[in-house]
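Analysis of the macromolecular model
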Amino acid sequence: MNTDEFAVRAPLATTLPVIGTSARFPVRRIYCVGRNYVAHVREMGGNETRDFPLIFQKPADAVVQNAGVVPYPPMTDDFHFELELLAAMKSGGYDVSQESALSHVYGYGICLDMTRRRLRDTPAGPSLPWELKKSFDHSAPCGPIHPVERVGHPASGRIKLEVDGHAKQDSDLSLMIWCIPEIIATLSKYYAIEPGDLIMTGTPHGVGAVLPGNVLVGTIEGLGSLTVTIGETPKKRA
Ligand code: MN
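Description of the structure in this document. Remember, predicted model here, so these are calculated numbers, not experimental data.

**Topic: the sheet that holds strand β18 (residues 225-231)**
- Within the open sheet, the 5 strands sit side by side as β6-β18-β17-β13-β14. Their pairing is mixed. Looking at which strands have only one partner, the edges of the open sheet turn out to be β6 (69-71) and β14 (166-172). This sheet shows a mean twist of 20° between the axes of neighbouring strands, independent of strand direction.
- Relative to strand β17 (residues 215-220), strand β13 (residues 158-163) is paired through 5 bridges, and the arrangement is antiparallel. For Val163, the partnering residue across the bridge sits in β17 and is Leu216.

**With respect to the coordination of the manganese ion**
- Around the manganese ion, the donor atoms from the protein are Glu82 (OE), Glu84 (OE) and Asp113 (OD), and they sit 2.0 to 2.1 Å away.
- For Glu82, a relative accessible area of 4% gives the class buried.
- According to the relative accessible area criterion, Asp113 is buried, its value standing at 0%.

**With respect to the pairing of strand β8 (residues 83-89)**
- The buried fraction of β8 is high, at 7 of 7 residues.
- Of the two faces of β8, both are covered, the one formed by Leu83, Leu85, Ala87 and Met89 as well as the one formed by Glu84, Leu86 and Ala88.
- Sheet analysis places β8 next to strand β9 (residues 105-112), joined by 7 bridges and oriented antiparallel. Across the sheet, Leu85 pairs through a bridge with Ile110, a residue of β9.

Criteria and cut-off values
- Residues numbered from 1 in each chain as written.
- Predicted model: local features only at pLDDT ≥ 70, side-chain atom pairs only at ≥ 80, totals over all residues.
- Heavy atoms only, no water.
- Pairing = 2+ DSSP bridges.
- Helix = DSSP H or I, 4+ residues; strand = E, 2+ residues; numbered from the N terminus.
- Axes fitted to C-alpha atoms, helices over the stretch in contact; angles between N-to-C directions.
- Donors = N, O, S within 2.8 Å, 3.2 Å for Na, K, Ca; no water.
- Buried < 20%, exposed > 50% of the residue type's maximum accessible area, 1.4 Å probe, protein only.

Below, the structure written as structure tokens:
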């Protein structure tokens, strides 16, 4: 490539491995759904009604690969894990019906919605928007994608997170408030779903804080595991 082609160093494309093939899944956008398990809504102090789904995004370059390191982020003293089922999209567009929604899913995986639960020295910290709490560097660890042909569409199954070997989250996918077809149908009213879009589908109860050195192992029945280690806060951008 001609070095004059870009004015500054071009960012690398984010991809994820796919089980059963050497082809990789290219990540376009990461959509996230908040407050999607009743017991987690309660532990956050909310009510458990089916309010409109809480939707936000993370940048694609926030992905951390399986077995990677998640640096402890700046501007918080309360850094939380949220283990979630990840849906990887192959198509969609606008106005996907609930009935056809699953036909647009390429596969599934395991992810962590890493969260600055409280922000330090930030006047607007406790409230909205969620951008500073959710959408930051290294905030989206994702495991490999398991194609639908291999795993089907998981609507139930154990979802479990251990920190240094101690169980923290232990629930079942069937307890989601908004199921995956409902999430896709709702998202597609606002955004054209494109190949490479990922959807983090919300976390069950049991979220908690981590510190540098902690090893997080998330498992979802049929989808293997995702492991990351929490690292030190980067001192200064190189
Ligand atoms: Mn979440």
